[in-house]
2 protein chains.
Amino acid sequence: MNLPSQMRALVQLGDGFSGTRTGPEIDDLAPFLTLRSVPVPDVGPGQALIKVHLAAVNPSDIHFIKGEYGQPRSKGMPAGFEAVGEVVAGDTPLMGQRVSFFATASGAWAEYALTDASRLVPCRPDLSEVAAAGQLVNPLTAIAMFDLVKEARAESFVLNAAGSQLGKYLIALGKDHGIAPIAVVRRADQAAPLRALGAAQVIVSSEEDALAKAEQTFRNLPPAILLDAVGDQFTADLFFAMPRHATWVNYGKLATEAPRLTELGQLIFMNKRITGFWLTRWINQAGPDRVRAAFVEIQTRFVSGTWTTDVAATVPLSQAMTDLPAALAISDGKVFIDPRR
Amino acid sequence: MNLPSQMRALVQLGDGFSGTRTGPEIDDLAPFLTLRSVPVPDVGPGQALIKVHLAAVNPSDIHFIKGEYGQPRSKGMPAGFEAVGEVVAGDTPLMGQRVSFFATASGAWAEYALTDASRLVPCRPDLSEVAAAGQLVNPLTAIAMFDLVKEARAESFVLNAAGSQLGKYLIALGKDHGIAPIAVVRRADQAAPLRALGAAQVIVSSEEDALAKAEQTFRNLPPAILLDAVGDQFTADLFFAMPRHATWVNYGKLATEAPRLTELGQLIFMNKRITGFWLTRWINQAGPDRVRAAFVEIQTRFVSGTWTTDVAATVPLSQAMTDLPAALAISDGKVFIDPRR
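Given the structure is predicted, the values throughout are model-derived calculations rather than measurements.

> Explain the overall build of chain A to me, please; I cannot follow it from the model alone.
The number of helices and strands found in chain A is eleven helices and 15 strands. Against the compact-globule benchmark of 20 Å for 341 residues, chain A has a radius of gyration of 20 Å, which places it among compact chains. Taking the principal axes of its C-alpha atoms as reference, chain A extends roughly 65 × 40 × 35 Å. A total of 341 residues make up chain A; the buried ones form 56% of that total.

> Could you clarify how one ought to interpret the relation of the copies chain B and chain A in this entry?
Think of it as a corkscrew move, a rotation about one axis and a shift along it, taking one chain copy to the other. Each copy superposes on the other: chain B lies on chain A with an RMSD of 0.0 Å after a rotation of 180 degrees and an axial shift of 0.0 Å. Such a combination of turn and shift is consistent with a two-fold rotation axis. Considering only C-alpha atoms, the residue of chain B closest to the rotation axis is B:Arg260, which sits at 2.0 Å. Counting the interface residues of chain B, we find that 100% of their copies in chain A are interface residues as well, pointing to one common contact surface.

> Please explain helix H10 (residues 288-304) of chain A as it appears in this structure.
Each α-helix turn comprises 3.6 residues. Residues three or four places apart therefore point the same way. Residues and elements named next belong to chain A. Taking 1.5 Å as the rise per residue, H10 with 17 residues should run 24 Å; its terminal C-alpha atoms sit 24 Å apart, in good agreement. Along H10, the residues that are buried comprise Val291, Ala294, Phe295, Ile298, Gln299, Arg301 and Phe302. With its buried residues spanning 155 degrees around the axis, H10 presents them on a single face. Among the exposed residues of H10, those pointing more than 90 degrees away from its buried face are Asp289, Arg292, Val296 and Ser304. The inward-facing, buried residues of H10 contact strand S7 (121-122), helix H2 (129-133), helix H3 (137-152), helix H4 (165-177) and helix H9 (279-286). Trailing H10 by a residue or two, Gly305 shows a phi angle of about 90 degrees, which is positive.

> So what exactly am I meant to see when it comes to the interface of chain B and chain A here?
In many analyses, interface size is given as the accessible surface area lost on bringing the parts together. Of the residues lining the interface, 29 residues belong to chain B; the matching set on chain A comes to 29 residues. Across the chain B to chain A interface the summed buried area is about 2,600 Å²; carbon plus sulfur atoms make up 62%. Counting the surface chain B buries against chain A, the share from its top three residues, B:Leu264, B:Ile268 and B:Phe269, is 26%. Linking chain B to chain A there are two salt bridges. Counting the contacts that link chain B with chain A gives eleven residue pairs in polar contact (both at pLDDT 80 or more).

> Before we go on, may I ask you to explain the domain arrangement of chain A in this structure?
Residues and elements named next belong to chain A. Domain annotation for chain A reports domain 1 (6-134 + 309-338) and domain 2 (138-280). Look at where the C-alpha atoms of domain 1 and domain 2 centre, and you get two points 29 Å apart. On the domain 2 side, the residues contacting the 14 residues of domain 1 number eleven residues. Of the roughly 930 Å² buried at the junction of domain 1 and domain 2 (both faces included), carbon and sulfur atoms supply 40%. Our enumeration of links across domain 1 and domain 2 arrives at one salt bridge. A salt bridge links Lys168 to Asp310, with the shortest nitrogen-to-oxygen separation between them at 2.8 Å. On the surface where domain 1 and domain 2 come into contact, there are two residue pairs in polar contact (both at pLDDT 80 or more). Taken together, the residues of the side of domain 1 that touches domain 2 break down into two nonpolar, eight polar and four charged.

> I'm lost on the environment of A:Lys175 in this one. Help?
All names here are of chain A. Within the secondary structure, Lys175 is located in helix H4. Counting along the chain gives 125 residues from Lys175 to Thr300, while the straight-line C-alpha distance between them is 16 Å. Leave out the neighbours within four places in its chain, and Lys175 touches Pro181, Leu197 and Gly198.

> For this particular structure, what's the right way to read the packing of helix H3 (residues 137-152) of chain B against helix H9 (residues 279-286) of chain B?
Axes are the key here: two packed helices are described by the angle between their axes and the distance separating the axes. Residues and elements named next belong to chain B. At a closest axis distance of 10 Å, the pairing of H3 and H9 adopts a crossing angle of 65 degrees. Regarding H3 and H9, the two cross each other, and that crossing is left-handed. Between H3 and H9, the residues in contact are Val137, Leu140, Thr141, Ala144 and Asp147 and Leu279, Trp282 and Ile283, respectively. Among the residues forming the contact of H3 with H9, the class breakdown is six nonpolar, one polar and one charged.

> Just checking my understanding: could you explain the pattern of salt bridges for this structure?
Here the idea is simple: oppositely charged side chains can pair when their charged atoms come close. Residues and elements named next belong to chain B. Evaluated as defined, the whole model comprises 26 salt bridges over all chains. Put simply, Asp147 and Arg290 hold a salt bridge, and the shortest N to O gap is 3.2 Å. Of the two residues, Asp147 is situated in helix H3 and Arg290 in helix H10 (residues 288-304); the sequence distance between them amounts to 143 residues. The residue Asp289 makes a salt bridge to Arg292 at a minimum N-O spacing of 2.9 Å. Note that Asp289 and Arg292 are positioned in helix H10 at a spacing of three residues, about one turn of the helix. There is no split in this pair, since Asp289 and Arg292 are both exposed.

> Is there a simple way to explain the pairing of strand S3 (residues 47-57) of chain A in this structure?
Within a regular strand, side chains alternate between the sheet's two faces. Residue and element names in this part refer to chain A. With nine of eleven residues buried, S3 is to be regarded as a mostly interior element. Two strands pair when backbone bridges link them, and S3 and strand S6 (residues 112-116) are joined in this way by five bridges, in the antiparallel orientation. When the bridges of S6 are listed, Ile50 appears paired with Ala113. In terms of strand pairing, S3 meets strand S4 (residues 82-90) through seven bridges, oriented antiparallel. Of the residues in S4, the one forming a bridge with Ile50 is Val87. Pairing geometry for S3 and strand S15 (residues 334-338), over three bridges, is antiparallel.

> Just to check I follow, could you spell out the nonpolar core for this structure?
Among soluble globular proteins, nonpolar side chains are generally buried collectively. Within the largest apolar cluster, 51 residues are counted, with the highest numbers of intra-cluster contacts made by A:Leu140, A:Leu170, A:Leu227 and A:Trp307. The element contributing the most residues to this core is H3(A), with seven residues. For this core, the domains that each give at least three residues are domain 1 (6-134 + 309-338) and domain 2 (138-280) of chain A. Not counting the four nearest positions on each side in its chain, A:Leu140 is found in contact with A:Gln135, A:Leu279, A:Trp282, A:Ile283, A:Val291, A:Ala294, A:Phe295 and A:Ile298. B:Leu140, B:Val149, B:Phe277 and B:Phe336 belong to the second largest nonpolar core, which has 50 residues in total.

> What is the right way to read unusual backbone geometry from this model?
If a residue is not glycine, its phi is most likely negative; likewise, a peptide bond is most likely trans. If you check the backbone angles, A:Arg153 has positive phi at about 50 degrees while not being a glycine. The class of A:Arg153 is exposed, set by a relative accessible area of 74%. Phi is positive for B:Ala161, which is not a glycine, with a value near 50 degrees. Structurally, B:Ala161 can be placed in the loop between strand S8 (156-159) and helix H4 (165-177).

> Even after reading the chapter, I still don't get the packing of aromatic side chains, so can you show me in this structure?
By convention here, two paired aromatic rings are described through the distance between centres and the angle between planes. Following the criterion strictly, the structure yields 22 aromatic pairs over all chains and no others. Between B:Phe239 and B:Phe240 the ring centres are 5.2 Å apart and the planes differ by 55 degrees, which places this aromatic pair in the tilted class. For the pair B:Phe239 and B:Phe240, one class covers both residues: buried. The ring of A:Phe239 has A:Lys272 sitting right over it, with the charged end atom 5.3 Å from the ring centre.

Conventions and cut-offs
Positions within a chain are numbered from 1, following the residues in the order the chain's sequence is written. Chain labels run from A onward and ligand labels from 1 onward, assigned in the order the entries are written. Where local features are concerned, this predicted model is filtered to residues with pLDDT of at least 70; where side-chain atom pairs are given and counted, the filter is 80 or more; whole-chain, interface and lining totals use all residues. With hydrogens and water stripped out, all remaining heavy atoms of the structure feed into the side-chain values. A helix here means a DSSP run of H or I that spans at least four residues, while a strand means a run of E at least two residues long, and both kinds are numbered starting from the N terminus. For this measure, only C-alpha atoms enter the radius of gyration; the expected value for a globule follows 2.2 Å times N^0.38, where N is the number of residues. Relative accessibility thresholds used throughout: buried, under 20% of the residue-type maximum; exposed, over 50%; partly exposed, between the two (1.4 Å probe, protein chains only). Our superposition of the copies is a least-squares fit, built on the C-alpha atoms of residues whose pLDDT is at least 70 in both. Here, residues are in contact when the closest pair of their heavy atoms is within 4.5 Å. Helices are assigned an expected span. That span is 1.5 Å times one less than the residue count. Here the arc refers to the directions that run from the helix axis out to each C-beta atom. Buried area is calculated as the accessible area (1.4 Å probe) missing from two parts once they are joined, with the contributions of both summed. In what follows, salt bridge is the name for a side-chain nitrogen of Lys or Arg lying within 4 Å of a carboxyl oxygen of Asp or Glu. Here a polar contact is recorded for every N or O atom pair within 3.5 Å, except that within protein the pair must consist of a potential hydrogen donor and a potential acceptor, and residues adjacent in sequence are included only if both atoms are side-chain atoms. Start and end positions for the domains come from either an automated domain assignment or a database one. Charged residues are taken to be Asp, Glu, Lys and Arg, nonpolar residues to be Ala, Val, Leu, Ile, Met, Phe, Trp, Tyr, Cys and Pro, and polar residues to be all remaining types, Gly included. The angle between two axes is taken between their N-to-C directions and runs from 0 to 180 degrees, where each axis is a line fitted to C-alpha atoms and a helix contributes only its stretch in contact. Each crossing gets its hand from how the near helix is turned against the far one by less than a right angle, where anticlockwise is left-handed and clockwise is right-handed. For two strands to pair, DSSP has to find at least two bridges joining them. In these notes, a set of buried Ala, Val, Leu, Ile, Met, Phe, Trp, Tyr and Cys residues joined through side-chain atoms within 4.5 Å is what counts as a nonpolar core. Stacked, tilted and edge-to-face pairs are distinguished by plane angle, under 30 degrees for stacked and over 60 for edge-to-face with tilted covering the rest, among Phe, Tyr and Trp rings (Trp via its six-membered ring) whose centres lie within 6.5 Å. The criterion is that NZ of a Lys, or CZ of an Arg, lies within 6 Å of the ring centre and within 35 degrees of the ring normal, and then a charge sits over that ring.

Quick look at the structure:
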């Protein structure tokens, strides 16, 4: 295949960490990204070049371009972690095939992306493009964190930001495994759709009796694991309302406040603990066989319809600088970038 | 042996939990205890009655009588958890022998105490009375928590309230095992004696550059475990200044403030975690062989002098209501109650 020498890409303007803490919202991309023509990346040993079909936009992408994620930015590099596309060059037997991938060497918000060839995930032909574009970060996180829920052998588990795509995957997993999902959301109108998906109870954190309702629910359906993407005081209050042996697993930080440990003694006398979950670490610890099995399950779930991808918007790469913030402000569903347009 | 029917005891006035959080200080025992003549407890199956020689006063005793400990008070029962004495009745081959014990059925601040016969710890004849009276709570906690330090295989560990008896035991263990103790204290005058005991560095939390000094120390001697008896914001700040994989182990709450988790993302990206340590749980999990081995080590340490007990005061039971608060206000050393006087 003849590859062009130049490509369009959303290139990072910032370098390293910003030191700010502004959360996942974004009104304007201009301080952080620019649409520019850059050279198509050279393929090194062990790498694969992918012609991007569709790239996902995750909260971690926004944290990252703002310099507020756990990894430093690299000025001049295309942004975008997750996508689906066709392998067009590199050291891999998957040449010419459709793969999902996590861009480690050159970002996915571009016509071409570069990554580690050993981490490509081949896609079933019947897997939709949106499912394929978003099957790594959220679905794999859901499967990995649900392992913790299963190991805890409790009647229920608690998750916040439950209206997110990841939240919906977790609720479906809970329903299928008979472990009651206790879903925490901010707005009352999020409750009904999550109940329909299988949430045993929905706690609306903005309501005055939210904590009392949670305490009542925890008595009827004792949970062991709290999966937390928010990290606010209400999350800490929920944790301290949970029964003995509860584990608070933080995996994201949608809130900007710092929660206070008002009941530290529960860590002593009730054997509670606070930990974090990072997908990158899980992948390394779980090993390739567990990860491969997870992708078989993920693709089966999407094809069979037990998981669905709610699409809020698909933004052409050429219009992303102007249209992406408005698309991300849509409260339900996932946003994608199409680099072919 | 002919046992009397009545005995003198410091009896609890409160019941259950108080709901207050006043910390470990105490100015006046009168709201919580009274010196009274009560019946010598009846010995039930599996129990042993001990004539108390000397009882320890631990911070957990004060938390307990104030209704601020993890276990509920029992109105009318003698207080006091830990002591040494002679077995005078019950279902045990240790009858007539000197034992250390943790009073589970009737408290040790009394002429006689009642406990589970299976948990008696026989004392070597060359073990001093003060060492024997205090060999359970602090020494066993030190041995148990130092297991965590050893398992972490780091160059150093951090402990606060380092001037306490338990802190001194931990510093001696660190020195003997070649794991550098980084000791945190409140007052500058506590630094020199802890350095003499083996502390590699002493951080004085009241000094303005305390955190900067800790960060410098952590770079030279990276720690993995923070053993925390305080639970204040400075402890949280220390934890967030520690390197990747650090674990904050809380085992006490000398501070009344609730620390804020200002760097929650470190739990995700740096694999840090926050847990609690409770001796009662450790004893059940470690099993009788590990506990027996620990007491052999503890008694050897006291007899050989690698551990010493600093005595602040020994208060006669008859004068405890008036004299105990002043004795506890002495900043260095341990306080004992003598029920024979």
